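Summary of the model geometry
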Amino acid sequence: MSLDVSPALLAQAERGEVDEAAFVDCVKNSLPYAWEMVSSLVARLQVDGGDFADNQTPPPDEQARGQLLRALASDAIRGALERHFGVRLAFQNCHRVAVFPLDASADQRLERFTSIRGQLLNQSPLLRDC
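Let me begin by describing the structure that accompanies this report. (Residues numbered from 1 in each chain as written. Predicted model: local features only at pLDDT ≥ 70, side-chain atom pairs only at ≥ 80, totals over all residues. Heavy atoms only, no water.)

1. Structural notes on the pairing of strand S3 (residues 96–101)
- Most of S3 sits inside the fold, with 6 of its 6 residues counted as buried.
- By the alternation rule, side chains of S3 split into Arg96, Ala98 and Phe100 and Val97, Val99 and Pro101, which are all buried.
- In this structure, strand S1 (residues 53–54) lies alongside S3, joined through 2 bridges in antiparallel fashion. Counterpart to Ala53 in the pairing with S3 is Val99.
- Alignment of strand S2 (residues 87–92) against S3, held across 6 bridges, turns out to be antiparallel. (Buried < 20%, exposed > 50% of the residue type's maximum accessible area, 1.4 Å probe, protein only. Helix = DSSP H or I, 4+ residues; strand = E, 2+ residues; numbered from the N terminus. Pairing = 2+ DSSP bridges.)

Given below as structure tokens:
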């Protein structure tokens, strides 16, 4: 199970539309490692500027790696994080998370990062089992 959904939030979903802020809060509480990773990268992008900010350090354990996978493999979670933080997210090798600004200034860098070539260049024997 990827999220710890409260009975109130589940009931809201069963009735129809869900408050996105409540969903984002559920993600924050359920996937704290993934939340911290994304929020720290967003802060770094805001402070340092540039085309993007990324993490190249593998997670400390499988639980943390699983959180990243669940957060970024789910269209709903990923989309909610992008809207909440006002960024575009990219993901490689089960740990390399990158945040890109929404404006067109980072489009080419995002395209390179998410390209087949970018994926191949980011391979490492150390990450084979991630």
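2. Thoughts on the nonpolar core
- Ranked by internal contacts, the top residues of the largest apolar core, which has 26 residues, are Ile77, Leu81 and Val99.
- Contributions of two or more residues to this core are made by helix H2 (20–30), helix H3 (32–48), helix H4 (62–73), helix H5 (75–85), S2 and S3.
- Among residues more than four places away in sequence, those in contact with Leu81 are Val27, Trp35, Ala71 and Leu89.
- One finds Ala90, Ala98, Phe100 and Phe113 within the second-largest nonpolar core, a separate group that totals 5 residues. (Core = buried A, V, L, I, M, F, W, Y, C linked by side-chain atoms within 4.5 Å. Contact = heavy atoms within 4.5 Å.)

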